[in-house]
Amino acid sequence: MTVPLGRRERKKAATRQKIADTALRLFLERGYEAVGIRDVAAEADVAVTTLFSHFASKEALVFERDDDFEQRLTGAVTDRAPHEPLIPALRREVRSMVRHCTADGAAPVWRMIDGSPALREYEESMRLRHAESLAAAIAADPELSQGATASRALARFVIDAYSLAREADDPDAALDEIFRMIEAAWAVARPSGAFVGGAGL
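So, about unusual backbone geometry. One non-glycine residue, His 83, lies in the positive phi region at around 65°. Examined against the element boundaries, His 83 turns out to sit in the loop between helix 5 (66–78) and helix 6 (86–101). With phi around 50°, Ser 145 is a residue other than glycine that occupies positive phi space. Position of Ser 145 among the secondary structure elements: in the loop between helix 8 (117–140) and helix 9 (148–167). By relative accessible area, which is 48% here, Ser 145 ends up partly exposed.

Once that is clear, we can look at the packing of aromatic side chains. For the structure on display, the rule yields 2 aromatic pairs. Centroid distance Phe 27 to Tyr 32: 4.9 Å. Interplanar angle 65°. Geometry classified as edge-to-face. Exposure remark for Phe 27: the relative accessible area of 2% places this residue in the buried category. Considering the side-chain rings of Phe 63 and Tyr 122, the 5.4 Å spacing of their centres and the 20° angle between planes classify their relative orientation as stacked. Residue Phe 63 is found in the loop between helix 4 (58–62) and helix 5, and its partner Tyr 122 is found in helix 8; the two are separated by 59 residues along the sequence. One exposure class covers both Phe 63 and Tyr 122, and it is buried. Above the face of the Trp 110 ring, Arg 166 is positioned so that its terminal group lies 3.4 Å from the ring centre.

Each value, and the rule that gives it
- Residues numbered from 1 in each chain as written.
- Predicted model: local features only at pLDDT ≥ 70, side-chain atom pairs only at ≥ 80, totals over all residues.
- Heavy atoms only, no water.
- Helix = DSSP H or I, 4+ residues; strand = E, 2+ residues; numbered from the N terminus.
- Buried < 20%, exposed > 50% of the residue type's maximum accessible area, 1.4 Å probe, protein only.
- Phe/Tyr/Trp six-rings, centres within 6.5 Å; stacked < 30°, edge-to-face > 60°.
- Lys NZ or Arg CZ within 6 Å of the ring centre and 35° of its normal.

Set out below in structure tokens:
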């Protein structure tokens, strides 16, 4: 159950979103390298210290859904219904993320990311961090009974599935194809007697 945000939290969230929206607009209008942190703060009408209280770096302004995506991935493991199979839960969450990142208007953002070494490096570090968080959630689930190596491998496959599907001409079809392979690999890795797919974990 989602707890409604209080007034203070709503105000912080609105300020954060305003900063992120302003930054992205400026980056797309002028070019990522041509815009500085002070430019974003001035345009958003906030202090530089306020900006840094919401975003740790200039790169983070572009990936403003970073923390949300990480929480959604781990939540697909920790918050799934009792006895809900793991792979379909992950596929559902990754599909939602891919659709968000391939929506109308996303293409110029990805062109900007592809054209910036700093943004590409940040995205790679972000993906590795998401994979480690997801692996930890899988390994910590006693019902999955999976060791660290298998958990990390599955997490890497899932993060790669997101990246590959996002770049595909038909993201949904690509995601279905990739997750069929992931599910087959997971079935092999599962302890004897465990179930996958729609029949078990």
